[in-house]
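# Summary of the model geometry
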Amino acid sequence: MTARPDAETTASAGARKADHLRIAAGPGVLHARGSGLEELRLRHRALPGRDLEDVALETSFAGATLAAPLLVSAMTGGTAEAGAVNGALAAAAAQHGVGLALGSGRALLDDPSLLETYRPAGAPRPPLVLANLGAVALQPDRAERLVELLDADGLFVHLNPVQEAVQPEGEPCFAGVLERIAATVQRLSPRPVLVKEVGFGMDPEDVGQLAAVGVSAVDVAGSGGTNWALVEGRRDGRAGAVAQAFADWGVPTAEALRGARAAAPGLPLVGSGGVGDGVAAAKALALGADVAGLARPLLVAAQDGRAGAALGTVVRQLRIAVWAAGAASAAQLGEEHLA
Ligand SMILES: Cc1cc2nc3c(=O)[nH]c(=O)nc-3n(C[C@H](O)[C@H](O)[C@H](O)COP(=O)(O)O)c2cc1C
């Protein structure tokens, strides 16, 4: 299913994005159960054996060097408010040297004049910028055009079957998605193609299939944070009746990471979904993620004018957690650092 590039669709997509930004930042949209990260504890070493500032956070990921193993997860684009949020998120990501995933570029493909709402002029460039497209709208040529329009370093494809199914105007059309991802990997090579969920996690079998078609990384985007069935349910009464049963649907982030690591041992992983602070990020790294991602917490901070400070706090928490767990570097964190 490709996008329908008529003006009415673009306008209603804009209204939907505005609703998403407002509702996702508000109450009642979190999974009924946690990410599983809150049940884990990192070891506490009273003798960390090194100075705090000697802990290394730098990480190579998706062809970029990040100052810390963190990613601002994909959120928005296409409206004036999205432009303000993206400007704040780009500035925060650049300030702290971490990656930035942009929101779905489907609207931009239909209307290239929306470029400023994704990449506001004058916003600094983070070390890694990823374009984003949903599986339903994915076609290799469109994906390449989007990456070029956004001057992005690569592409994040999002898999959101439950959201599409709950959303009244959604398109739950997932036949052939894996084949289109494979073709997109070929088309964009050597630029990285990463694949993520949107907060319901992934089964190890999905991760194995994605690894087999050559994706550069998988973001498990597990349950425990933002729940897109509940967001759609708050946006539309018809969705609300259906959504409630999915309040605790999905694979919690901790379980999804362990499953992904086992299914695809060499594949770079992002741990996201309910990662609220730098300690949770460190736990995700200990479970095998190469990078941890945050969406909603940084949206709320950006809307409050404190995205840079909030991200700085996460980086500081991560540094302290790596150090106090007894690791020399974020990259070294492993299951042996869990209590
Ligand atoms: C306002 C908002 C908009 C989002 N839009 C997208 C999107 O366009 N593409 C995408 O891949 N994920 C999107 N997501 C999902 C996030 O990238 C992330 O996977 C999910 O919110 C779980 O992370 P969290 O618990 O830290 O919020 C969005 C999330 C939020 C909060």
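It should be noted that the structure appears before, not after, this text.
Here goes a summary of the coordinates provided. Keep in mind it's a predicted model, so treat the numbers as computed, not measured.

### Details of the pattern of salt bridges
A full pass over the atoms with the stated rule returns 17 salt bridges. Between Glu 171 and Arg 106 there is a salt bridge, with its nearest N and O atoms 2.8 Å apart. One end of the pair, Glu 171, is in the loop between α5 (161-166) and α6 (177-188); the other, Arg 106, is in helix α3 (residues 106-110), with 65 residues separating them in the sequence. Residue Glu 144 is joined to Arg 191 by a salt bridge in which the shortest nitrogen-to-oxygen separation is 2.9 Å. Separated by 47 residues along the polypeptide, Glu 144 in helix α4 (residues 140-149) and Arg 191 in the loop between α6 and β7 (193-196) bring together distant segments of the chain. Overall, the relative accessible area of 16% leaves Glu 144 in the buried class. Put simply, Arg 16, Glu 169, Glu 232 and Arg 235 are held in one network by salt bridges that share partners.

### A closer look at the environment of Ser 73
Mapping Ser 73 onto the fold places it in the loop between β3 (70-72) and α2 (80-96). Residue classification places Ser 73 among the buried residues on the basis of a relative accessible area of 5%. Placed 83 residues apart in sequence, Ser 73 and Phe 156 show a C-alpha to C-alpha distance of 9.9 Å.

### A look at the sheet that holds β3
With parallel pairing, the eight strands of this closed barrel are ordered in space as β3-β4-β5-β6-β7-β8-β9-β10. Neighbour to neighbour, the strand axes of the sheet diverge by 25° on average, direction disregarded. In the sheet, strand β9 (residues 269-272) pairs with strand β10 (residues 291-294) via three bridges, with the strands oriented parallel. Its bridge partner lying in β10, Ser 272 is registered against Gly 293.

### A word on helix α13 (residues 307-324)
With 18 residues, α13 extends 26 Å between its outermost C-alpha atoms, agreeing within 8% with the 26 Å of an ideal straight helix rising 1.5 Å per residue. Inspection of α13 places Ala 307, Gly 308, Ala 310, Leu 311, Gly 312, Val 314, Val 315, Leu 318, Arg 319, Ala 321, Val 322 and Ala 324 among the buried residues, and these make up the whole buried set. Buried-residue contacts for α13 involve β3, α2, α11 (278-286), β10 and α12 (296-303).

### Structural notes on the pairing of β7
Every second residue of β7 is oriented toward a common face, with Val 193 and Val 195 on one face and Leu 194 and Lys 196 on the other, all of them buried. When strand β6 (residues 154-158) meets β7, the two strands line up parallel, connected through four bridges. If you follow His 158 over to β7, its bridge partner there is Lys 196. In this structure, β7 lies alongside strand β8 (residues 217-219), joined through three bridges in parallel fashion. Within β8, the position partnered with Val 195 by the bridge is Val 218. As for the winding sense of the linkage, the β-α-β connection from β7 through helix α7 (residues 204-212) to β8 is right-handed.

Conventions adopted
For every chain, the first residue of its written sequence is number 1, and the numbers climb from 1 along that sequence. Reporting in this predicted model follows two pLDDT cut-offs: at least 70 for local features of residues, and 80 or more for side-chain atom pairs to be given and counted; totals over whole chains, interfaces and linings ignore these cut-offs and use all residues. Note: side-chain values were computed over all heavy atoms of the structure, leaving out hydrogens and water. Just to be clear on terms, a salt bridge is a Lys or Arg side-chain nitrogen sitting within 4 Å of an Asp or Glu carboxyl oxygen. Numbering of helices and strands runs from the N terminus, with a helix taken as a DSSP run of H or I at least four residues long and a strand as a DSSP run of E at least two residues long. Burial classes follow relative accessibility: with a 1.4 Å probe on protein chains only, a residue under 20% of its type's maximum area counts as buried, one over 50% as exposed, and anything between as partly exposed. For two strands to pair, DSSP has to find at least two bridges joining them. For helices, the fitted axis covers only the stretch in contact; all axes are lines through C-alpha atoms, and the angles between them, taken along N-to-C directions, range from 0 to 180 degrees. The span you would expect from a helix comes to 1.5 Å times its residue count less one. A contact between two residues is defined here by any heavy atoms of the two lying within 4.5 Å. When the strands point away from the viewer, a crossover counts as right-handed if the path from the first strand over the helix to the second runs clockwise.

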